[in-house]
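Below, each chain spelled out in residue letters.
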Amino acid sequence: MAERVVQADGIELCSESFGDPSDPPVLLVMGTGASMLWWEEGFCRMLAEGGRFVIRYDHRDTGRSVTYGPGRAEYTGADLVGDAARVLDAYAIPAAHVVGVSAGGALAQLLALHYARRVLSLVLISTSSAVPGDRTLPPPTEEFTQFVATAHVNRSDADSAIDHQVAYVLAGGRRPFDETAARSLVRRDVERAHDFTAARNHDALPDGELPQASLSSIAVPTLVIHGTADPLFPLRHGEALAEQIPGGRLLVLEDAGHGVERADWAVIVPAVLEHTAASS
């Protein structure tokens with residue numbers, strides 16, 4: 001399907017759909033600073049071939065959505081939550097199964113808490129609780145923390161940004177790393193963006209206005225998917241998330257890092273299809 005620019009409330013969000021609009025809808029929500037390309041086309045088509053109408057979209061300041069420029073963001077985290085609902089509105093979808101990865105998983109939780117009627121079920125991948133809790137969860141790995149503290153990048157230079165992003169890919173280190181595929185994806189992401197430097201605005205966004213809520217009030221079926229080698233959110237984050245959401249189920253991916261790796265599509269896609277079939 002061709003890309004479609006959604007216009008709502010004075011902003012533009014670039015989206016793309018796969019499959020038959022009469023099938024159960026699945027909305028894919030990507031993480032911090034990442035465009036919809038990180039929901040790879042092959043993954044989207046596998047879901048569509050399984051009988052789902054799949055929608056992916058660019059967050060603000062990524063890809064071909066509205067871009068404000070570095071340091072000039074005019075929105076909050078709460079606005080990113082609302083953007084998911086705006087995309088559903090544009091496709092005339094009252095409610096969808098929502099799949100979020102990393103910070104997109106946090107946005108998916110907040111969507112279920114504050115736009116509950118828009119969410120049929122949740123799939124939360126490589127993420128942690130979106131609301132404050134009283135649990136002590138492990139920090140990122142020492143290797144990841146050291147990389148963030150010592151890596152140097154010229155964000156105004158595309159090649160430097162690509163090199164940094166490829167090195168930053170959170171594969172976890174327990175599997176062979178396909179640097180060629182990762183570099184190709186990052187380059188396409190950088191070249192496609194209106195302004196690839198603007199994505200860093202996500203790192204400093206204020207939360208915005210959302211009512212206080214607890215994960216225990218999420219009332220839709222929830223599947224948590226988490227890798228044992230996730231360097232950003234160690235496995236305990238996924239375990240705690242599944243424990244806090246009523247009826248939450250946990251699918252553990254052995255040796256998987258952070259994100260939706262191609263090596264795990266054969267496990268993740270059937271799990272999403274089964275979960276969304278039971279919840280439709």
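This text follows the structure it describes.
Since the structure is predicted, the reported quantities are computational estimates derived from the model, not experimental observations.

Student: Run through the packing of helix 1 (residues 41-49) against helix 8 (residues 265-279), naming residues and quoting values.
Tutor: Contact geometry for helix 1 and helix 8: axes closest at 10 Å, N-to-C directions at 40 degrees. With respect to helix 8, the axis of helix 1 lies oblique. Helix 1 and helix 8 meet at a crossing whose hand is right-handed. The residues of helix 8 that touch helix 1, namely those facing G42, F43, M46 and L47, are W265, I268, V269, V272 and L273. Here the contact of helix 1 with helix 8 is composed, by residue class, of eight nonpolar, one polar and no charged.

Student: I'd like to hear about the packing of aromatic side chains, residue by residue, with values.
Tutor: Overall, the coordinates contain four aromatic pairs when judged by the stated rule. Judged by centre distance (5.8 Å) and plane angle (25 degrees), the rings of W39 and F43 are stacked. Just as W39 is buried, F43 falls in that class too. Ring plane angle 40 degrees and centroid distance 5.1 Å describe the contact between Y68 and Y75, whose orientation is recorded as tilted. For Y68, a relative accessible area of 14% corresponds to the buried category. Clustering of aromatic rings is evident, with ring pairs tying together W39, F43 and W265. Across the ring face of Y91, the terminal group of R4 is positioned such that the distance to the ring centre comes to 4.4 Å.

Student: Give a detailed account of the sheet that holds strand 5 (residues 96-101), specifying residues and quantitative values.
Tutor: Strand pairing in a sheet relies on backbone hydrogen bonds. The paired strands run either parallel or antiparallel. Spatially, eight strands are ordered 1-2-4-3-5-6-7-8 in an open sheet, and the strand pairing comes out mixed. At either margin of the open sheet sits one strand with a lone partner, and together these are strand 1 (4-8) and strand 8 (249-253). On average, each strand axis in the sheet is inclined to that of its neighbour by 25 degrees, with strand direction left out of account. Alignment of strand 6 (residues 119-125) against strand 7 (residues 222-227), held across four bridges, turns out to be parallel.

Student: Got a sec to walk through the pairing of strand 4 (residues 53-57)? Specific residues and values, please.
Tutor: Regular strands place side chains that alternate from one sheet face to the opposite one. Counting buried positions along strand 4 yields five of five residues, so the element is predominantly enclosed. Here strand 4 shows no split at all, with F53, I55 and Y57 on one side and V54 and R56 on the other all buried. In the sheet, strand 2 (residues 11-18) pairs with strand 4 via four bridges, with the strands oriented antiparallel. Bridge assignment links F18 to a residue of strand 4, and that residue is V54. With four bridges joining them, strand 3 (residues 25-29) and strand 4 adopt parallel strand pairing. Across the sheet, the residue bridging to L28 is R56, located in strand 4. In this fold, strand 3 hands off to helix 1, which returns the chain to strand 4; that crossover is right-handed.

Student: Any details on the side chain of T62? Residues and values, ideally.
Tutor: Along the polypeptide, T62 turns up in the loop between strand 4 and helix 2 (77-90). For T62, a relative accessible area of 3% gives the class buried. A polar contact of 2.9 Å, which involves the side chain of T62, links it to the backbone oxygen of H59.

Student: How would you summarise the pairing of strand 3 if you had to cite specific residues and measurements?
Tutor: Counted residue by residue, strand 3 has five buried out of five residues, so it is predominantly covered. By the alternation rule, side chains of strand 3 split into P25, L27 and V29 and V26 and L28, which are all buried. Here strand 3 runs beside strand 5; their pairing, made up of four bridges, is parallel. Along strand 5, the bridge assignment pairs L28 with V99.

The rules behind each value
Residues numbered from 1 in each chain as written. Predicted model: local features only at pLDDT ≥ 70, side-chain atom pairs only at ≥ 80, totals over all residues. Heavy atoms only, no water. Axes fitted to C-alpha atoms, helices over the stretch in contact; angles between N-to-C directions. Helix = DSSP H or I, 4+ residues; strand = E, 2+ residues; numbered from the N terminus. Parallel < 35°, antiparallel > 145°, perpendicular 65-115°, else oblique. Left-handed = near helix turned anticlockwise from the far one by under 90°. Contact = heavy atoms within 4.5 Å. Nonpolar A, V, L, I, M, F, W, Y, C, P; charged D, E, K, R; others polar. Phe/Tyr/Trp six-rings, centres within 6.5 Å; stacked < 30°, edge-to-face > 60°. Buried < 20%, exposed > 50% of the residue type's maximum accessible area, 1.4 Å probe, protein only. Lys NZ or Arg CZ within 6 Å of the ring centre and 35° of its normal. Pairing = 2+ DSSP bridges. Right-handed = clockwise from strand over helix to strand, strands pointing away. Polar contact = N/O pair within 3.5 Å; in protein donor to acceptor, adjacent residues only side chain to side chain.

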